Amino acid sequence: MTTMDTTGPARTLHGWQIDLIADMDRPDIRTHGPSAVGRNAGEQDVTIRRHRDRTWIYKTWESDRHPGRFHLYTPTTGKVHGIDARQARLLGAASWEPTGPGDAERAPVPPPTEAEITELALLVRPFEGPGWQFPEVPSDARVDTPRVRVLMLNPTEQCNIRCTYCYYGGAYPGTRPHQTASPQADMVKAAIDLFVTGEKKLEPAQRALYFFGGEPLLAFDQLKEAVLAVEERKKEVGSQPENLIIQVNSNGMLLTPKIVDFLVEHDIYLNISIDGPNHDRYRVDRRGKGTHERVRERTDWLAENWPEYFASRVAVICVLSAPLDEAALYRYFTEWPTALRALAWDFDLLLPGGEQSYTDFRRMFTEQRRVWDLFVAAHRQNYQEREQSGRYRFSFSHGFLHRSFHRALNQPERDGSPRLGHLLGVQLVPGNDNLVLGSDGTLYSSYEFQSPDFAVGHTDRGVDPLAGVEQLAMFRAAAKAGSCRTCWAAPMCTVTVPEAPFRATDPAETVRDKVTAKRARCMSERENLEQGLRARTDIEEAFGAEALRGHREDWARQAEGGSRVDYFFDA
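Residues numbered from 1 in each chain as written. Predicted model: local features only at pLDDT ≥ 70, side-chain atom pairs only at ≥ 80, totals over all residues. Heavy atoms only, no water.

Here's the deal with the pairing of strand β12 (residues 314-320)
Reasoning step 1: For β12, the tally of buried residues reaches seven of seven residues, placing the bulk of the element in the interior.
Reasoning step 2: By the alternation rule, side chains of β12 split into Val314, Val316, Cys318 and Leu320 and Ala315, Ile317 and Val319, which are all buried.
Reasoning step 3: For strand β11 (residues 269-273) and β12, the ladder comprises four bridges, and the chain directions are parallel. Bridge pairing in β12 links Leu270 to Val314.
Reasoning step 4: The pairing of β12 with strand β13 (residues 344-349) spans six bridges and is classified as parallel. Each residue of the ladder has a partner; that of Ile317, found in β13, is Asp346. (Buried < 20%, exposed > 50% of the residue type's maximum accessible area, 1.4 Å probe, protein only. Helix = DSSP H or I, 4+ residues; strand = E, 2+ residues; numbered from the N terminus. Pairing = 2+ DSSP bridges.)

Here it is as structure tokens:
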């Protein structure tokens, strides 16, 4: 992105909103004479240092698997260095400035010598200025011809159960409720026309059509018509996208032979949600009764009657929730024969936001670290053995783990400057990469937040060229105002527009609520990325660089196959 001005009331936040975000989300900076040290929300150790008019941003840690081994992550270069204990203590010290005669001798960590400062600076690469320089949104940016990689269709907004953590069940403010509304056929056709084009550039890219809801199988006839419309549209434009995936996300309770036969015939992937030991705590019906037995019965039935389809196209999705017991979760899925036959497992957290929400999930981090330990230990085996290991499959099926680990392992080297070529987790301008069709024909840039703040057009007029640009500009303004400017995780971060959804129309109370939710999301992101860095260094030191080769090769294969794995790379 080129750097250009973004002024104008419709393109950015108001000054008072920016000031409020800065006041609530600023790092905790402690000044000591001409120097200062800082911590971002949720951090216990120093990760920000201002010394001699230069900004130092870094992350240090001692391995908890190999005590006595210390490491330094330098975000300005993307490198990880081994450091000694004294270097680690110096980087974690509250001050490098003695305040009076004899203070240096009495300090817990005596100030560094000039030689030590020079040595540390060569590793950390401090820079002029207060923090990261995010790219600005060009003033002439537009989305005149959207390139839709992912289209999400909701055949109905109605659901046959009422999961208490659902985006549309009251856990997330500002989202639509469950209702009987469904998009009209012409709206679905218009959205599909945007998705399936004759543009050759899109042919090799990984693309996906997802059916969500509500429960999409409640509107199976509409789902069926949409799939047939996609196939007809492909014929019309002569498009043969080899990497097109069609996927249905369902609770599985409404599966019938007729539905399954259609899914098999049209090579449609199916995700079935079942939450293991905690299922009945959250996934309840309208009467508040658990649904576990009904979901499991249908899943067993599917695996028994369509074994090849189940093994090649069906994944089991599990939402991790409190109280999290990873040992019980492991036993549940490894002792359930049907689960072992599925194509994949996917375990992940939902973080509704807010400080209390983060506190709840923070209690789960100890359990998450057990998963990281299992993952690291699995690298005692070679790549082929590891791929067949149930323990490895279980650990790597945790979404927070594989996303964070791959970012920690495969990030590109940088030139040491504060300039970032990307804006946190933003891949493309909202409305250009992902589109969600609402029941009234509105096109949204976010599945989670189908609200006016994320509207980017309508099926009767297409994508609004400026709507997503405005969303992105306001996101940038918030990121620039808050702790993102000095966060060590910024080059790897995936916090994106829906997770910091500030708008110029937000009153003060709404801004405060959004900052609180954003801080919780950032704390969770930093926790996961730190564990990814720790796992990377511990695997390499314990088992050698060869143990990481398979992961690097997987990443390269995804990139060669057209998958957008480079969302945090410089464009």
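What follows continues from the structure just given.
A short note on the environment of Arg512
Reasoning step 1: Among the structural elements, Arg512 can be located in helix α19 (residues 508-543).
Reasoning step 2: Taking the C-alpha atoms as reference points, Arg512 and Met24, 488 residues apart in sequence, are found 7.7 Å from one another.
Reasoning step 3: Apart from the residues within four sequence positions on either side, Arg512 is in contact with Leu20 and Met24. (Contact = heavy atoms within 4.5 Å.)

As for the pattern of salt bridges
Reasoning step 1: Under the criterion given, the structure shown has 36 salt bridges.
Reasoning step 2: Where Asp28 meets Arg30, a salt bridge forms, and the shortest distance between an N and an O atom there is 3.0 Å.
Reasoning step 3: A salt bridge links Glu541 to Arg69; the nearest nitrogen and oxygen atoms lie 3.1 Å apart. Placement of the pair is Glu541 in helix α19 and Arg69 in the loop between β5 (59-62) and β6 (70-74), with a sequence separation of 472 residues.
Reasoning step 4: A relative accessible area of 36% places Arg69 in the partly exposed class. (Salt bridge = Lys/Arg side-chain N within 4 Å of Asp/Glu carboxyl O.)

Describing helix α6 (residues 220-237)
Reasoning step 1: Counted at 1.5 Å a residue, the expected span for α6 with its 18 residues is 26 Å, and the 26 Å between its end C-alpha atoms agrees.
Reasoning step 2: All of the buried residues in α6 are Phe220, Leu223, Ala226, Val227, Ala229, Val230, Arg233 and Lys234.
Reasoning step 3: Gly238 occupies a position one or two residues after α6 and carries a positive phi of about 70 degrees. (Expected span 1.5 Å × (residues − 1).)

Details of the packing of helix α14 (residues 365-377) against α19
Any two packed helices are characterised by how steeply their axes cross, that is the angle between the axes, and by the distance between the axes.
Reasoning step 1: Axis separation between α14 and α19 bottoms out at 10 Å; the angle between their running directions is 25 degrees. Relative to α19, α14 is oriented roughly parallel. Note that α14 runs across α19; the crossing there is right-handed. Contacts between α14 and α19 involve Phe365, Gln368, Arg369, Trp372, Phe375, Val376 and Ala377 from the first element and Ser524, Glu527, Asn528, Gln531, Gly532, Ala535, Asp538, Ile539 and Phe543 from the second.
Reasoning step 2: Tallied by class, the residues present in the contact of α14 with α19 amount to eight nonpolar, five polar and three charged. (Axes fitted to C-alpha atoms, helices over the stretch in contact; angles between N-to-C directions. Parallel < 35°, antiparallel > 145°, perpendicular 65-115°, else oblique. Left-handed = near helix turned anticlockwise from the far one by under 90°. Nonpolar A, V, L, I, M, F, W, Y, C, P; charged D, E, K, R; others polar.)

Re the packing of helix α2 (residues 85-92) against helix α4 (residues 114-124)
Reasoning step 1: Look at α2 against α4: their axes get within 11 Å of each other, and the N-to-C directions meet at 85 degrees. The pairing of α2 with α4 is recorded here as roughly perpendicular in orientation. On α4, the residues touching Arg86, Gln87, Leu90 and Leu91 of α2 are Glu116, Glu119, Leu120, Leu123 and Val124.
Reasoning step 2: Here the residues of the contact of α2 with α4 are counted per class, giving five nonpolar, one polar and three charged.

Description of α4
Each turn of an α-helix holds 3.6 residues, which means side chains three or four residues apart point in the same direction.
Reasoning step 1: For α4, the set of buried residues is Glu116, Ile117, Leu120, Ala121, Leu123 and Val124. One face of α4 carries all of its buried residues, which in axial projection span an arc of 160 degrees. What points out from α4, more than 90 degrees from its buried face, is the exposed set Ala115 and Leu122.
Reasoning step 2: Of the surrounding elements, those touching the buried residues of α4 are β3 (48-51), β4 (54-57), β6, β7 (79-83) and α2.
Reasoning step 3: In the segment just after α4, Arg125 is the residue with positive phi, at about 60 degrees. (Arc of directions from axis to C-beta.)

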